[in-house]
Structures are given as structure tokens and as C-alpha cells.
Amino acid sequence: MLALYGKPTSINVRKVLWLCAGLDLPLHHEPAPPPDLLAALNPNRQVPVLRDGNFVLWESNSICRYLAARAGREDLLPPAAKNRARVEQWMDWQASDLNSAWRHVFMARVRQHPDYPDDARAEASLAQWNRLMGVLEAQLAATDAYVAGSTFTLADIVLGLSTQRWRSTPGSKPALPHLVAWFERLREQPGFAKHVDNGVA
């Protein structure tokens, strides 16, 4: 059986949990692995970590790619080079550009972490986050469906979690109607209520 390590409040763990719900995969979930076990599984000591027998994998987007490929779900991760690259482009954008933008304002206003004061830097972080969500809005306006095209893919999973976090973080935000319509479409996916729109930012 697959084993997943990491607390379910982590946005990156929730990506994997949502995907597993959609794949109907049996999963042993260990929310609080002992520190020595986590260090043995991942030299970065970060979650999530997936164990499939003797195979161990970390990095949430890589885990999602692996599970989709393992299940043969070509709808989630297309085999054709250009179609797959389009999905992976948006997954990489989420992990790099988008995550870097929201860190300060999220840590200040949601986590209320003392190292991240709610000051001008938080406002600048929110402004950058809003700008990038506008990039996603333009993409959704072009596809009029899902992030990478006409069908639901892994790109929608990782960006769905990021969008839920954006919606949950206090601050002024622009009206993004295509993003709102897309987020409503995501509600139809198995596991959405439990792992995405569940009151956890």
C-alpha cells in the first residue's frame, strides 16, 4: 500500500490527498512522521513524502506526476510531448513564481508568524500575488475550461490549492470572473470539499 507522510494542513500534502481521492487510491496517511523517519526519507526534512514499497519520492508536484503516471491517467498527465509540457509548465509556475509571491503576506496575515510582519512588504507580496493570479485569469479566459486546455489535469490540482489559499488570505483582490467560474468547476472533482475547500488555508 502507498504511504504518505505529512500533516493534512500542508498545502503540498493536500495536493497529493486530493489527487489520491480522484484516483481512488488506497493510502496509508501518517500526518506526523517521527523526525528521524522523515530525515531518513527526505534529506530536506520536508513533507510530503510518498513511499511505494521500496520507492521513496518527495516534492509534491513530482509525487503528483508519479501517481498519475502509475495509474495510467493520461487525462491528468498527457503522454504527447507538447500536451504534457503545457501541464508541467503550469505546475512548475505554481511551484516557483506563484509560491514565491504569496509567502510573505500569507505568513503575516494567515499564519501570523513574527518573522513576517504585516507591513509594506506584505502589501507588496499581495500585489505580486494578485498580478500572477491575473496571469492565471488570462489563461483561463483563453481556454474557457481548465488551466491547460479543455480537460482537468494535474495543473488544475496544484493551482486549485493555490487559488483556495489566495481566496482565504485577507487583503484587497481584483475581480477575476474566469478564475471564479473555473474554481466552481473544480468543486465537481472527487475530494475537493475534503481536501481543498475545507476551511484550511
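Every chain is numbered on its own, with residues counted from 1 as its sequence reads. Only residues with pLDDT of at least 70 are given local features in this predicted model, and only at 80 or more are side-chain atom pairs given and counted; all residues enter the totals for whole chains, interfaces and linings. Side-chain measures here rest on the full set of heavy atoms in the structure, leaving out hydrogens and waters.

J.: Explain the pairing of strand β2 (residues 27–30) to me, please; I cannot follow it from the model alone.
T.: Within a regular beta strand, the side chains point alternately toward one face of the sheet and then the other, so they alternate between its two faces. Examined bridge by bridge, strand β1 (residues 2–5) and β2 share four bridges and lie parallel to one another. Of the residues in β2, the one forming a bridge with tyrosine 5 is glutamate 30. When the strands point away from the viewer and the connection leading from the first strand across the helix to the second strand turns clockwise, the crossover is called right-handed. Secondary structure elements are defined from DSSP: runs of H or I of at least 4 residues count as helices, runs of E of at least 2 residues count as strands, and each element is numbered from the N terminus. Once you follow β1 into helix α1 (residues 11–23) and on to β2, the crossover reads as right-handed. Between any two strands, at least two bridges found by DSSP are needed for them to pair.

J.: Can you help me understand α1 in this one?
T.: Spacing of three or four residues puts side chains on the same side of an α-helix, whose turn is 3.6 residues. Multiplying 1.5 Å by the helix residue count minus one yields the expected span of that helix. Under the 1.5 Å per step criterion, the end-to-end length of α1 is 19 Å for 13 residues, consistent within 8% with the ideal 18 Å. By the criterion of burial, α1 is predominantly enclosed, with ten of the 13 residues buried. Turning to α1, its buried residues are Ile11, Val13, Arg14, Lys15, Val16, Leu17, Trp18, Leu19, Cys20 and Leu23. Burial here depends on accessible area, computed with a 1.4 Å probe over protein chains only, as a share of the maximum for the residue type. Under 20% is buried, over 50% is exposed, and the range in between is partly exposed.

J.: Hey, could you run me through the packing of aromatic side chains in this one?
T.: The way to describe two aromatic rings as a pair is by their centre distance and the angle between their planes. The criterion for an aromatic pair is that two Phe, Tyr or Trp rings (for Trp, the six-membered ring) have centres within 6.5 Å, with stacked assigned to planes under 30 degrees apart, edge-to-face to planes over 60 apart and tilted to the rest. Here the structure, examined in full by the defined rule, presents eight aromatic pairs. Ring geometry for tryptophan 102 against tryptophan 129: centres 6.2 Å apart, planes inclined by 40°, an arrangement best described as tilted. Here tryptophan 102 is found in helix α4 (residues 81–109), whereas its partner tryptophan 129 is found in helix α5 (residues 120–143), with 27 residues between them in sequence. Considered together, tryptophan 102 and tryptophan 129 belong to a single accessibility category, that of buried residues. Judged by centre distance (5.4 Å) and plane angle (75°), the rings of phenylalanine 183 and phenylalanine 192 are edge-to-face. Classification of phenylalanine 183 by relative accessible area gives buried; the value is 0%. Given a relative accessible area of 2%, phenylalanine 192 falls into the buried group.

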